[in-house]
Amino acid sequence: MKKILITAGILLAAVVITLAIRTVTYGFGSERKNTAAAPAITARPSDAALERFAGGLRIPTVSSQDYDDTDFRPFDEFIVYLHESYPRIYENMETSTVGKYGLLFRWKGRDDSLQPVLFLSHYDVVPVTGYDPSTDTGKETVFRPDDTPLPPISAVAETWDYPPFSGAVAEGRIYGRGSLDMKCMLFALLESADSLISEGFRPERDIWFAFGHDEEVSGRNGALRMAEYFKDRGIRFDAVYDEGGIIAAPGSAMESIDSPLALVGTGEKGFLTLEIEVKGLGGHSSMPPAKSSLVYAAEIIEKLNSNQMKARIIPPVASFLKNIGGETGLVSRTAIANRWLLGGILKQTLSKSPASNALIRTTTAITMAKGSDAANVLSSSAVVTVNFRILPGDTVADVMEHVREICAGYDTEITVVSQREASAVSPENTIGFEMIRECLTTLYPDVITTSYITVGGTDAYKYQNVSDNIYRFMPIELNGYEQRAIHSENEYISIENYGRMIDYFTDMMSRY
Ligand SMILES: [Zn+2]
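What you see is a predicted model, and the numbers here were worked out from it, not measured in a lab. (Residues numbered from 1 in each chain as written. Predicted model: local features only at pLDDT ≥ 70, side-chain atom pairs only at ≥ 80, totals over all residues. Heavy atoms only, no water.)

Here we look at the overall build of the chain
In terms of regular secondary structure, the chain is built from 15 helices and 19 strands. Against the compact-globule benchmark of 24 Å for 512 residues, the chain has a radius of gyration of 26 Å, which places it among compact chains. Seen through its principal axes, the chain has C-alpha atoms that stretch 80 × 75 × 50 Å. Counting every position in the chain, which comprises 512 residues, the buried fraction comes to 53%. (Helix = DSSP H or I, 4+ residues; strand = E, 2+ residues; numbered from the N terminus. Rg over C-alpha atoms; globule rule 2.2 N^0.38 Å. Buried < 20%, exposed > 50% of the residue type's maximum accessible area, 1.4 Å probe, protein only.)

Comments concerning the coordination of the zinc ion
Protein-derived ligands of the zinc ion are H122 (NE2), D181 (OD), E243 (OE) and E243 (OE), with the metal-ligand distances lying across 1.9 to 2.4 Å. Coordination at the zinc ion comes from four donor atoms whose angles at the metal span 55 to 140 degrees, giving a geometry best classed as irregular. Donor residues for the zinc ion, ordered by position in the chain, follow H-x58-D-x61-E. Remark: D181 occurs in the loop between β5 (173-175) and α5 (183-198) and H122 occurs in strand β3 (residues 117-122); sequence separation between them is 59 residues. (Donors = N, O, S within 2.8 Å, 3.2 Å for Na, K, Ca; no water. Tetrahedral: all angles 85-135°; square planar, octahedral: opposite > 155°, others 65-115°.)

Some details on the domain arrangement of the chain
For the chain, the assigned domains read domain 1 (47-267 + 425-511) and domain 2 (268-420). Of the roughly 1700 Å² buried between domain 1 and domain 2 on both sides combined, carbon and sulfur atoms contribute 64%. Considering only the side of domain 1, the residues that lose the most area to domain 2 are I453, V455 and Y461, jointly responsible for 31% of the buried surface there. Between the two partners, domain 1 and domain 2, sit one salt bridge. Here R472 and E268 are joined by a salt bridge, their closest N and O atoms 2.6 Å apart. Counting across the interface, domain 1 meets domain 2 through seven residue pairs in polar contact (both at pLDDT 80 or more). Tallying contributions element by element places strand β16 (residues 448-454) first for the side of domain 1 that touches domain 2, with seven residues. (Domains from an automatic or database assignment. Buried area = accessible area lost by both parts, 1.4 Å probe. Salt bridge = Lys/Arg side-chain N within 4 Å of Asp/Glu carboxyl O. Polar contact = N/O pair within 3.5 Å; in protein donor to acceptor, adjacent residues only side chain to side chain.)

Overview of the pairing of strand β7 (residues 239-242)
One face of the sheet, then the other: side chains in a regular strand alternate in exactly this way. Neither face of β7 is open: one carries A239 and Y241, the other V240 and D242, and all of them are buried. Across three bridges, β7 lies against strand β17 (residues 470-472) in parallel orientation. Bridge pairing in β17 links D242 to R472. (Pairing = 2+ DSSP bridges.)

As for the sheet that holds strand β19 (residues 492-494)
Spatially, β4-β5-β19 is the arrangement adopted by the three strands of the open sheet, whose pairing is antiparallel. What marks the edges here is a single partner per strand, and that holds for β4 (169-170) and β19. Here β4 pairs with β5 via two bridges, running antiparallel. Across the sheet, the residue bridging to A170 is R173, located in β5. The sheet strands contacting helix α15 (residues 495-511) are β4, β5 and β19, and the helix crosses β19 at an angle near 70 degrees. (Contact = heavy atoms within 4.5 Å. Axes fitted to C-alpha atoms, helices over the stretch in contact; angles between N-to-C directions.)

A word on the sheet that holds strand β10 (residues 270-279)
Strand order across the open sheet formed by four strands is β12-β14-β10-β15, with antiparallel pairing between neighbours. Each of the sheet's edge strands pairs with one partner strand only, and the pair in question is β12 (363-370) and β15 (412-420). Across this sheet, the average inter-strand angle for adjacent strands is 20 degrees, counted without regard to direction. Note: β12 against strand β14 (residues 381-390), seven bridges, orientation antiparallel. Directly across from A365, in β14, lies its bridge partner N387. Contacts from helix α7 (residues 293-306) reach β10, β12, β14 and β15 within the one sheet, and its direction differs from that of β14 by about 15 degrees. Where helix α12 (residues 396-407) meets the sheet, it contacts β10, β14 and β15, and its direction lies at approximately 160 degrees from that of β15.

Here's the deal with the packing of α5 against α15
Their axes nearest at 8 Å, the elements α5 and α15 cross at an angle of 55 degrees. When the axis of α5 is compared with that of α15, the two are oblique. Of the two elements, α5 crosses α15, and the hand of that crossing is right-handed. The residues of α15 that touch α5, namely those facing C184, M185, F187, A188, L189, E191, S192, A193, S195 and L196, are Y498, M501, I502, F505, T506, M509 and S510. Split by residue class, the contact of α5 with α15 holds twelve nonpolar, four polar and one charged. (Parallel < 35°, antiparallel > 145°, perpendicular 65-115°, else oblique. Left-handed = near helix turned anticlockwise from the far one by under 90°. Nonpolar A, V, L, I, M, F, W, Y, C, P; charged D, E, K, R; others polar.)

A short note on a negative patch on the surface
Residues D398, E401, E405 and E421 make up a contiguous surface patch of negative charge. As for its placement among the helices and strands, E405 is situated in helix α12. (Patch = residues over 30% accessible without salt bridge, like charges linked within 9 Å, V, L, I, M, F, W, Y side chains within 5 Å. Areas by Shrake-Rupley, 256 points an atom, 1.4 Å probe, with all protein chains shown as cover. Lys, Arg positive; Asp, Glu negative; His and termini not counted. Charge placed at Lys NZ, Arg CZ, Asp CG, Glu CD.)

Details of the environment of E268
Within the fold, E268 resides in strand β9 (residues 261-268). Once you skip the residues sitting within four places of it in the chain, E268 turns out to touch P392, R420, A422, S423, I453, T454, G456, G457, T458, A460, Y461 and R472. At a separation of 2.4 Å, a polar atom in the side chain of E268 contacts the side chain of R420.

What follows is the structure, given as C-alpha coordinates:
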(Lines give C-alpha, C1' and ligand atoms only; values in the text may rest on other atoms or scores of the structure.)
Protein backbone atom coordinates (compact mmCIF):
# COMPACT_ATOMS: atom_id res chain seq x y z
CA MET A 1 0.00 0.00 0.00
CA LYS A 2 2.75 2.38 1.00
CA LYS A 3 4.57 1.63 -2.25
CA ILE A 4 1.47 2.47 -4.27
CA LEU A 5 1.08 5.77 -2.42
CA ILE A 6 4.70 6.68 -3.00
CA THR A 7 4.40 5.83 -6.71
CA ALA A 8 1.21 7.87 -6.98
CA GLY A 9 2.87 10.77 -5.18
CA ILE A 10 5.83 10.70 -7.56
CA LEU A 11 3.52 10.57 -10.57
CA LEU A 12 1.48 13.49 -9.29
CA ALA A 13 4.61 15.54 -8.65
CA ALA A 14 5.81 14.71 -12.17
CA VAL A 15 2.51 15.90 -13.67
CA VAL A 16 2.56 19.14 -11.65
CA ILE A 17 6.17 19.84 -12.64
CA THR A 18 5.41 19.08 -16.29
CA LEU A 19 2.39 21.40 -16.21
CA ALA A 20 4.46 24.17 -14.65
CA ILE A 21 7.35 23.76 -17.08
CA ARG A 22 5.06 23.64 -20.09
CA THR A 23 3.19 26.72 -18.88
CA VAL A 24 6.38 28.68 -18.35
CA THR A 25 8.03 27.60 -21.59
CA TYR A 26 4.91 27.77 -23.75
CA GLY A 27 5.29 30.29 -26.59
CA PHE A 28 2.49 32.64 -25.65
CA GLY A 29 1.77 35.66 -27.80
CA SER A 30 3.37 37.91 -25.20
CA GLU A 31 6.62 36.91 -26.86
CA ARG A 32 5.40 38.59 -30.00
CA LYS A 33 7.76 40.87 -31.85
CA ASN A 34 6.25 44.07 -30.53
CA THR A 35 9.40 46.03 -30.09
CA ALA A 36 9.68 47.37 -33.62
CA ALA A 37 11.66 50.57 -33.56
CA ALA A 38 9.35 52.30 -36.04
CA PRO A 39 7.09 54.84 -34.34
CA ALA A 40 3.32 54.58 -34.70
CA ILE A 41 2.16 56.53 -37.71
CA THR A 42 -0.78 58.81 -37.19
CA ALA A 43 -1.21 60.03 -40.70
CA ARG A 44 -4.15 62.28 -41.31
CA PRO A 45 -5.41 61.81 -44.87
CA SER A 46 -5.43 64.90 -47.06
CA ASP A 47 -8.62 66.96 -47.19
CA ALA A 48 -9.03 65.84 -50.81
CA ALA A 49 -8.84 62.17 -49.76
CA LEU A 50 -11.40 62.75 -47.00
CA GLU A 51 -13.70 64.51 -49.47
CA ARG A 52 -13.47 61.63 -51.94
CA PHE A 53 -14.42 59.10 -49.24
CA ALA A 54 -17.19 61.27 -47.78
CA GLY A 55 -18.61 61.73 -51.28
CA GLY A 56 -18.83 57.95 -51.65
CA LEU A 57 -20.73 57.70 -48.36
CA ARG A 58 -23.28 60.22 -49.59
CA ILE A 59 -24.45 57.83 -52.31
CA PRO A 60 -27.06 55.53 -50.72
CA THR A 61 -26.11 52.19 -52.29
CA VAL A 62 -28.57 50.17 -50.23
CA SER A 63 -28.95 46.58 -51.39
CA SER A 64 -32.07 44.54 -50.71
CA GLN A 65 -32.84 40.83 -50.73
CA ASP A 66 -35.21 41.22 -53.63
CA TYR A 67 -33.22 42.50 -56.60
CA ASP A 68 -36.39 43.80 -58.21
CA ASP A 69 -36.85 46.01 -55.16
CA THR A 70 -33.38 47.47 -55.35
CA ASP A 71 -32.96 51.02 -56.54
CA PHE A 72 -29.91 50.64 -58.76
CA ARG A 73 -29.57 54.34 -59.60
CA PRO A 74 -27.25 55.02 -56.66
CA PHE A 75 -25.10 52.06 -57.80
CA ASP A 76 -24.79 53.59 -61.28
CA GLU A 77 -24.01 56.92 -59.68
CA PHE A 78 -21.36 55.31 -57.46
CA ILE A 79 -19.54 53.80 -60.44
CA VAL A 80 -19.45 57.16 -62.22
CA TYR A 81 -18.28 58.76 -58.99
CA LEU A 82 -15.30 56.36 -58.68
CA HIS A 83 -14.35 57.10 -62.25
CA GLU A 84 -14.39 60.85 -61.67
CA SER A 85 -12.61 60.63 -58.33
CA TYR A 86 -9.74 58.37 -59.40
CA PRO A 87 -8.96 59.08 -63.06
CA ARG A 88 -5.33 57.94 -62.56
CA ILE A 89 -6.48 54.51 -61.43
CA TYR A 90 -8.64 54.06 -64.50
CA GLU A 91 -5.76 55.16 -66.74
CA ASN A 92 -3.24 52.82 -65.13
CA MET A 93 -5.28 49.72 -64.41
CA GLU A 94 -7.28 47.40 -66.61
CA THR A 95 -10.87 47.64 -65.48
CA SER A 96 -13.87 45.50 -66.27
CA THR A 97 -17.29 44.78 -64.90
CA VAL A 98 -18.81 41.40 -64.23
CA GLY A 99 -22.56 41.32 -64.46
CA LYS A 100 -23.35 45.00 -64.41
CA TYR A 101 -22.03 45.99 -61.01
CA GLY A 102 -19.12 43.72 -60.10
CA LEU A 103 -16.06 45.98 -60.44
CA LEU A 104 -12.66 44.50 -61.28
CA PHE A 105 -9.35 46.33 -61.41
CA ARG A 106 -6.08 44.79 -62.48
CA TRP A 107 -2.83 46.61 -61.74
CA LYS A 108 -0.27 44.89 -63.87
CA GLY A 109 2.89 43.86 -62.04
CA ARG A 110 6.44 43.58 -63.31
CA ASP A 111 6.86 39.84 -62.79
CA ASP A 112 4.40 37.58 -64.59
CA SER A 113 5.73 34.47 -62.90
CA LEU A 114 4.43 35.57 -59.48
CA GLN A 115 0.91 34.76 -58.35
CA PRO A 116 -1.25 37.89 -58.08
CA VAL A 117 -2.86 39.16 -54.90
CA LEU A 118 -6.51 40.14 -54.55
CA PHE A 119 -8.17 42.77 -52.36
CA LEU A 120 -11.94 42.56 -51.91
CA SER A 121 -14.51 45.06 -50.82
CA HIS A 122 -18.20 45.73 -51.36
CA TYR A 123 -19.97 49.02 -51.95
CA ASP A 124 -23.49 48.07 -51.00
CA VAL A 125 -24.67 48.93 -47.51
CA VAL A 126 -27.48 47.77 -45.23
CA PRO A 127 -30.54 50.02 -44.85
CA VAL A 128 -30.93 52.46 -41.99
CA THR A 129 -33.99 51.63 -39.89
CA GLY A 130 -36.72 54.22 -40.26
CA TYR A 131 -34.77 56.22 -42.82
CA ASP A 132 -35.68 56.68 -46.46
CA PRO A 133 -32.65 57.93 -48.40
CA SER A 134 -34.78 59.04 -51.35
CA THR A 135 -36.34 61.77 -49.18
CA ASP A 136 -32.93 63.00 -48.14
CA THR A 137 -32.57 65.77 -50.69
CA GLY A 138 -30.54 68.92 -50.31
CA LYS A 139 -28.15 67.41 -47.81
CA GLU A 140 -26.10 69.99 -46.06
CA THR A 141 -22.56 68.71 -45.97
CA VAL A 142 -20.44 69.15 -42.90
CA PHE A 143 -16.70 69.21 -43.53
CA ARG A 144 -14.62 70.05 -40.48
CA PRO A 145 -11.55 67.79 -40.69
CA ASP A 146 -9.68 69.85 -38.10
CA ASP A 147 -12.14 69.31 -35.26
CA THR A 148 -10.58 67.93 -32.13
CA PRO A 149 -11.45 64.20 -32.07
CA LEU A 150 -14.16 63.24 -29.61
CA PRO A 151 -13.07 60.79 -26.91
CA PRO A 152 -14.12 57.16 -27.47
CA ILE A 153 -17.62 56.30 -26.34
CA SER A 154 -18.47 53.03 -24.69
CA ALA A 155 -22.27 52.89 -24.60
CA VAL A 156 -24.55 51.90 -27.45
CA ALA A 157 -25.71 54.49 -29.99
CA GLU A 158 -29.40 55.18 -30.36
CA THR A 159 -29.36 58.01 -32.82
CA TRP A 160 -27.12 59.37 -35.53
CA ASP A 161 -24.97 62.39 -34.67
CA TYR A 162 -25.13 63.29 -38.38
CA PRO A 163 -27.55 61.95 -41.02
CA PRO A 164 -26.56 58.45 -42.22
CA PHE A 165 -25.92 59.48 -45.81
CA SER A 166 -24.46 62.91 -45.14
CA GLY A 167 -20.82 61.81 -45.16
CA ALA A 168 -20.16 64.38 -42.46
CA VAL A 169 -16.52 64.93 -41.55
CA ALA A 170 -16.52 66.28 -38.02
CA GLU A 171 -15.36 65.54 -34.46
CA GLY A 172 -12.33 63.68 -35.83
CA ARG A 173 -14.62 61.23 -37.62
CA ILE A 174 -16.23 60.45 -40.94
CA TYR A 175 -19.88 59.55 -40.42
CA GLY A 176 -22.14 57.46 -42.56
CA ARG A 177 -23.68 54.10 -43.35
CA GLY A 178 -20.88 52.08 -44.92
CA SER A 179 -18.08 54.04 -43.26
CA LEU A 180 -17.02 50.82 -41.49
CA ASP A 181 -18.85 48.18 -43.52
CA MET A 182 -17.05 48.63 -45.83
CA LYS A 183 -16.61 51.57 -48.13
CA CYS A 184 -13.65 52.53 -45.92
CA MET A 185 -11.63 49.65 -47.33
CA LEU A 186 -12.69 50.30 -50.90
CA PHE A 187 -11.65 53.95 -50.73
CA ALA A 188 -8.49 53.24 -48.71
CA LEU A 189 -7.39 50.73 -51.36
CA LEU A 190 -7.98 53.24 -54.14
CA GLU A 191 -6.21 56.04 -52.22
CA SER A 192 -3.19 53.79 -51.60
CA ALA A 193 -2.93 52.67 -55.21
CA ASP A 194 -3.53 56.20 -56.48
CA SER A 195 -0.72 57.66 -54.40
CA LEU A 196 1.66 54.85 -55.39
CA ILE A 197 0.83 55.40 -59.06
CA SER A 198 1.49 59.12 -58.67
CA GLU A 199 4.96 58.25 -57.35
CA GLY A 200 5.61 56.16 -60.45
CA PHE A 201 5.44 52.88 -58.53
CA ARG A 202 4.60 49.61 -60.23
CA PRO A 203 3.91 46.48 -58.18
CA GLU A 204 6.08 43.40 -58.28
CA ARG A 205 3.14 41.08 -58.96
CA ASP A 206 -0.33 41.79 -60.33
CA ILE A 207 -2.63 43.43 -57.81
CA TRP A 208 -6.36 42.94 -58.30
CA PHE A 209 -9.35 44.64 -56.69
CA ALA A 210 -12.81 43.11 -56.81
CA PHE A 211 -15.68 45.22 -55.49
CA GLY A 212 -19.11 43.64 -55.12
CA HIS A 213 -22.51 45.32 -54.93
CA ASP A 214 -24.61 42.73 -53.09
CA GLU A 215 -22.52 41.33 -50.24
CA GLU A 216 -25.15 42.23 -47.66
CA VAL A 217 -27.78 40.21 -49.53
CA SER A 218 -25.81 37.05 -50.46
CA GLY A 219 -23.21 38.22 -53.00
CA ARG A 220 -24.73 35.91 -55.60
CA ASN A 221 -24.53 38.40 -58.47
CA GLY A 222 -21.34 40.14 -57.38
CA ALA A 223 -18.67 38.13 -55.57
CA LEU A 224 -19.90 34.78 -56.83
CA ARG A 225 -19.63 35.81 -60.46
CA MET A 226 -16.34 37.62 -60.02
CA ALA A 227 -14.85 34.51 -58.41
CA GLU A 228 -16.10 32.51 -61.42
CA TYR A 229 -14.47 35.05 -63.72
CA PHE A 230 -11.08 34.29 -62.13
CA LYS A 231 -11.69 30.57 -62.08
CA ASP A 232 -12.62 30.51 -65.78
CA ARG A 233 -9.36 32.29 -66.62
CA GLY A 234 -7.25 30.04 -64.44
CA ILE A 235 -6.17 32.94 -62.22
CA ARG A 236 -5.11 31.87 -58.72
CA PHE A 237 -4.09 34.24 -55.94
CA ASP A 238 -1.23 34.12 -53.50
CA ALA A 239 -3.59 35.78 -51.01
CA VAL A 240 -7.10 37.20 -50.87
CA TYR A 241 -7.95 39.95 -48.38
CA ASP A 242 -11.47 40.79 -47.26
CA GLU A 243 -13.38 42.06 -44.22
CA GLY A 244 -14.27 39.76 -41.33
CA GLY A 245 -11.83 40.78 -38.59
CA ILE A 246 -10.65 44.05 -37.03
CA ILE A 247 -8.28 45.27 -34.37
CA ALA A 248 -10.21 45.15 -31.12
CA ALA A 249 -9.18 48.11 -28.96
CA PRO A 250 -7.59 47.19 -25.61
CA GLY A 251 -10.19 45.63 -23.32
CA SER A 252 -12.94 45.54 -25.96
CA ALA A 253 -12.53 41.86 -26.89
CA MET A 254 -11.43 40.56 -23.48
CA GLU A 255 -11.13 42.72 -20.41
CA SER A 256 -7.80 41.27 -19.38
CA ILE A 257 -6.11 42.16 -22.65
CA ASP A 258 -4.63 45.62 -22.55
CA SER A 259 -3.07 45.59 -26.01
CA PRO A 260 -4.85 46.06 -29.32
CA LEU A 261 -5.86 42.63 -30.61
CA ALA A 262 -5.76 42.12 -34.38
CA LEU A 263 -8.19 39.33 -35.22
CA VAL A 264 -7.54 37.87 -38.65
CA GLY A 265 -10.29 35.53 -39.80
CA THR A 266 -8.57 32.53 -41.40
CA GLY A 267 -11.88 30.77 -41.73
CA GLU A 268 -15.57 31.47 -41.28
CA LYS A 269 -18.46 29.58 -39.84
CA GLY A 270 -21.25 28.23 -42.00
CA PHE A 271 -24.92 28.19 -41.09
CA LEU A 272 -28.02 26.09 -41.26
CA THR A 273 -31.55 27.29 -40.51
CA LEU A 274 -34.17 24.60 -40.02
CA GLU A 275 -37.89 24.65 -39.53
CA ILE A 276 -39.00 21.69 -37.49
CA GLU A 277 -42.71 21.02 -37.74
CA VAL A 278 -43.94 18.93 -34.81
CA LYS A 279 -47.28 17.16 -35.10
CA GLY A 280 -49.72 16.33 -32.33
CA LEU A 281 -53.42 16.37 -31.56
CA GLY A 282 -55.30 19.57 -32.19
CA GLY A 283 -58.66 20.68 -30.86
CA HIS A 284 -60.30 23.01 -28.41
CA SER A 285 -58.38 24.18 -25.40
CA SER A 286 -61.25 23.24 -23.06
CA MET A 287 -60.39 19.55 -23.47
CA PRO A 288 -56.65 19.43 -24.14
CA PRO A 289 -54.80 16.17 -24.76
CA ALA A 290 -52.04 15.20 -22.32
CA LYS A 291 -49.50 16.74 -24.66
CA SER A 292 -50.26 19.12 -27.48
CA SER A 293 -47.99 19.68 -30.51
CA LEU A 294 -46.60 22.76 -28.78
CA VAL A 295 -45.65 20.72 -25.73
CA TYR A 296 -43.81 18.26 -27.97
CA ALA A 297 -42.13 21.20 -29.64
CA ALA A 298 -41.05 22.49 -26.22
CA GLU A 299 -39.53 19.10 -25.44
CA ILE A 300 -37.58 19.19 -28.67
CA ILE A 301 -36.42 22.71 -27.91
CA GLU A 302 -35.19 21.59 -24.52
CA LYS A 303 -33.32 18.64 -26.08
CA LEU A 304 -31.71 20.81 -28.74
CA ASN A 305 -30.59 23.22 -26.09
CA SER A 306 -29.16 20.71 -23.66
CA ASN A 307 -27.50 18.54 -26.33
CA GLN A 308 -25.14 21.01 -27.95
CA MET A 309 -22.82 19.96 -30.75
CA LYS A 310 -19.43 18.76 -29.53
CA ALA A 311 -16.77 21.36 -28.64
CA ARG A 312 -13.50 21.23 -30.60
CA ILE A 313 -10.47 23.49 -30.64
CA ILE A 314 -9.60 23.94 -34.30
CA PRO A 315 -6.18 25.30 -35.43
CA PRO A 316 -7.08 29.03 -35.75
CA VAL A 317 -8.66 28.96 -32.31
CA ALA A 318 -5.69 27.07 -30.87
CA SER A 319 -3.41 29.79 -32.16
CA PHE A 320 -5.80 32.47 -30.89
CA LEU A 321 -5.57 30.94 -27.41
CA LYS A 322 -1.82 30.70 -27.71
CA ASN A 323 -1.56 34.35 -28.74
CA ILE A 324 -3.77 35.76 -26.02
CA GLY A 325 -2.87 33.20 -23.35
CA GLY A 326 0.02 35.26 -22.04
CA GLU A 327 -2.44 38.02 -21.12
CA THR A 328 -4.76 35.77 -19.11
CA GLY A 329 -4.66 34.52 -15.52
CA LEU A 330 -2.51 31.61 -14.28
CA VAL A 331 -5.31 29.05 -14.39
CA SER A 332 -6.19 29.81 -18.04
CA ARG A 333 -2.52 29.97 -18.93
CA THR A 334 -1.90 26.55 -17.43
CA ALA A 335 -4.92 25.07 -19.19
CA ILE A 336 -3.96 26.56 -22.58
CA ALA A 337 -0.35 25.41 -22.29
CA ASN A 338 -1.41 21.92 -21.26
CA ARG A 339 -4.26 21.03 -23.53
CA TRP A 340 -2.93 17.45 -23.64
CA LEU A 341 -4.19 17.07 -20.06
CA LEU A 342 -6.52 19.99 -19.35
CA GLY A 343 -8.27 20.27 -22.72
CA GLY A 344 -11.59 19.22 -21.19
CA ILE A 345 -11.48 21.91 -18.52
CA LEU A 346 -10.43 24.48 -21.09
CA LYS A 347 -13.39 23.66 -23.33
CA GLN A 348 -15.74 23.82 -20.35
CA THR A 349 -14.44 27.25 -19.41
CA LEU A 350 -14.68 28.53 -22.98
CA SER A 351 -18.25 27.22 -23.26
CA LYS A 352 -19.36 29.57 -20.49
CA SER A 353 -19.18 32.84 -22.41
CA PRO A 354 -21.26 33.21 -25.61
CA ALA A 355 -18.33 34.80 -27.46
CA SER A 356 -15.79 32.06 -26.72
CA ASN A 357 -18.41 29.31 -26.96
CA ALA A 358 -19.02 30.40 -30.56
CA LEU A 359 -15.35 29.76 -31.35
CA ILE A 360 -15.28 26.14 -30.22
CA ARG A 361 -18.49 24.57 -31.45
CA THR A 362 -21.34 24.64 -33.90
CA THR A 363 -23.80 26.76 -31.96
CA THR A 364 -27.54 26.15 -31.65
CA ALA A 365 -29.91 29.12 -31.44
CA ILE A 366 -33.64 28.48 -31.18
CA THR A 367 -35.02 31.65 -32.64
CA MET A 368 -38.73 31.16 -33.32
CA ALA A 369 -41.61 28.95 -32.20
CA LYS A 370 -45.23 28.97 -33.24
CA GLY A 371 -48.38 27.13 -32.15
CA SER A 372 -51.88 28.12 -33.16
CA ASP A 373 -53.16 31.58 -33.99
CA ALA A 374 -55.73 31.77 -31.21
CA ALA A 375 -55.56 31.61 -27.44
CA ASN A 376 -58.24 28.89 -27.17
CA VAL A 377 -57.15 26.73 -30.10
CA LEU A 378 -54.69 23.83 -29.99
CA SER A 379 -52.90 23.51 -33.28
CA SER A 380 -52.25 20.05 -34.69
CA SER A 381 -48.75 21.18 -35.54
CA ALA A 382 -46.20 23.55 -34.03
CA VAL A 383 -43.16 24.96 -35.78
CA VAL A 384 -39.76 25.58 -34.24
CA THR A 385 -37.06 27.53 -36.09
CA VAL A 386 -33.47 26.87 -35.19
CA ASN A 387 -30.33 28.53 -36.49
CA PHE A 388 -27.00 26.70 -36.33
CA ARG A 389 -23.62 28.35 -36.98
CA ILE A 390 -21.36 25.62 -38.24
CA LEU A 391 -17.76 25.36 -37.08
CA PRO A 392 -15.23 24.41 -39.80
CA GLY A 393 -14.87 20.65 -39.56
CA ASP A 394 -18.60 20.07 -39.00
CA THR A 395 -20.87 19.87 -42.02
CA VAL A 396 -24.52 20.56 -42.78
CA ALA A 397 -24.99 16.77 -42.95
CA ASP A 398 -23.52 16.36 -39.45
CA VAL A 399 -25.96 18.90 -38.04
CA MET A 400 -28.90 17.28 -39.86
CA GLU A 401 -27.92 13.93 -38.38
CA HIS A 402 -27.74 15.48 -34.90
CA VAL A 403 -31.21 17.05 -35.29
CA ARG A 404 -32.72 13.82 -36.59
CA GLU A 405 -31.40 11.96 -33.55
CA ILE A 406 -32.97 14.54 -31.24
CA CYS A 407 -36.30 14.37 -33.06
CA ALA A 408 -36.41 10.58 -33.09
CA GLY A 409 -39.63 9.38 -31.49
CA TYR A 410 -41.56 12.53 -32.43
CA ASP A 411 -43.69 13.01 -35.52
CA THR A 412 -41.72 15.75 -37.22
CA GLU A 413 -40.99 17.19 -40.62
CA ILE A 414 -37.69 19.05 -41.02
CA THR A 415 -37.31 21.73 -43.69
CA VAL A 416 -34.07 23.46 -44.60
CA VAL A 417 -34.67 27.22 -44.79
CA SER A 418 -31.11 28.23 -45.62
CA GLN A 419 -27.71 26.67 -45.42
CA ARG A 420 -24.06 27.15 -46.14
CA GLU A 421 -21.10 24.95 -45.29
CA ALA A 422 -18.32 26.36 -43.12
CA SER A 423 -15.31 27.64 -45.04
CA ALA A 424 -11.96 25.97 -45.39
CA VAL A 425 -9.33 27.18 -42.94
CA SER A 426 -6.41 29.13 -44.43
CA PRO A 427 -2.88 28.49 -43.18
CA GLU A 428 -0.86 31.00 -41.16
CA ASN A 429 2.59 30.11 -42.44
CA THR A 430 2.20 32.07 -45.67
CA ILE A 431 3.54 35.31 -47.11
CA GLY A 432 -0.03 36.61 -47.11
CA PHE A 433 -0.44 36.20 -43.35
CA GLU A 434 3.08 37.37 -42.54
CA MET A 435 2.40 40.49 -44.61
CA ILE A 436 -0.50 41.42 -42.29
CA ARG A 437 1.72 40.95 -39.26
CA GLU A 438 4.51 43.08 -40.69
CA CYS A 439 2.34 45.91 -41.94
CA LEU A 440 0.55 46.09 -38.58
CA THR A 441 3.70 46.16 -36.50
CA THR A 442 4.69 49.49 -38.01
CA LEU A 443 1.30 51.07 -37.34
CA TYR A 444 0.49 49.46 -34.00
CA PRO A 445 3.75 48.59 -32.24
CA ASP A 446 2.10 46.74 -29.33
CA VAL A 447 -0.55 44.87 -31.33
CA ILE A 448 -1.14 41.14 -30.82
CA THR A 449 -1.89 39.64 -34.24
CA THR A 450 -3.73 36.35 -34.24
CA SER A 451 -5.88 34.19 -36.45
CA TYR A 452 -9.42 33.44 -35.38
CA ILE A 453 -12.74 32.35 -36.85
CA THR A 454 -15.11 34.89 -38.39
CA VAL A 455 -18.54 34.18 -36.98
CA GLY A 456 -20.56 36.12 -39.59
CA GLY A 457 -20.53 35.50 -43.33
CA THR A 458 -18.42 37.40 -45.89
CA ASP A 459 -17.85 37.46 -49.63
CA ALA A 460 -14.42 35.87 -49.05
CA TYR A 461 -16.01 32.44 -48.86
CA LYS A 462 -16.80 32.57 -52.57
CA TYR A 463 -13.14 32.93 -53.52
CA GLN A 464 -12.12 29.59 -52.03
CA ASN A 465 -11.74 28.07 -55.48
CA VAL A 466 -9.16 30.67 -56.54
CA SER A 467 -6.96 30.79 -53.43
CA ASP A 468 -6.03 28.71 -50.39
CA ASN A 469 -4.93 31.80 -48.48
CA ILE A 470 -7.94 33.90 -47.58
CA TYR A 471 -7.62 36.46 -44.79
CA ARG A 472 -10.57 38.37 -43.40
CA PHE A 473 -9.29 41.50 -41.75
CA MET A 474 -9.60 45.29 -41.84
CA PRO A 475 -6.69 47.18 -40.29
CA ILE A 476 -8.73 49.52 -38.09
CA GLU A 477 -8.82 49.67 -34.32
CA LEU A 478 -12.38 49.77 -33.04
CA ASN A 479 -13.66 50.26 -29.51
CA GLY A 480 -16.79 48.47 -28.32
CA TYR A 481 -19.10 51.30 -29.40
CA GLU A 482 -17.70 51.35 -32.91
CA GLN A 483 -17.94 47.56 -33.21
CA ARG A 484 -21.62 47.72 -32.28
CA ALA A 485 -22.28 50.57 -34.74
CA ILE A 486 -21.74 48.22 -37.71
CA HIS A 487 -25.18 47.60 -39.27
CA SER A 488 -26.58 49.86 -36.54
CA GLU A 489 -26.92 53.51 -35.53
CA ASN A 490 -24.21 56.15 -35.77
CA GLU A 491 -21.72 54.24 -37.89
CA TYR A 492 -18.51 56.23 -38.29
CA ILE A 493 -14.79 55.71 -38.74
CA SER A 494 -12.24 57.91 -37.02
CA ILE A 495 -10.10 59.98 -39.35
CA GLU A 496 -7.07 58.43 -37.68
CA ASN A 497 -8.27 54.91 -38.46
CA TYR A 498 -8.94 55.83 -42.05
CA GLY A 499 -5.47 57.36 -42.35
CA ARG A 500 -3.82 54.28 -40.90
CA MET A 501 -5.81 52.07 -43.22
CA ILE A 502 -4.42 53.95 -46.22
CA ASP A 503 -0.89 53.67 -44.79
CA TYR A 504 -1.35 49.95 -44.22
CA PHE A 505 -2.46 49.18 -47.76
CA THR A 506 0.19 51.45 -49.26
CA ASP A 507 2.79 49.53 -47.27
CA MET A 508 1.32 46.17 -48.24
CA MET A 509 1.02 46.93 -51.95
CA SER A 510 4.58 48.19 -52.14
CA ARG A 511 5.99 45.22 -50.22
CA TYR A 512 4.04 42.28 -51.59
ZN1 LIG B 1 -19.55 43.96 -45.13
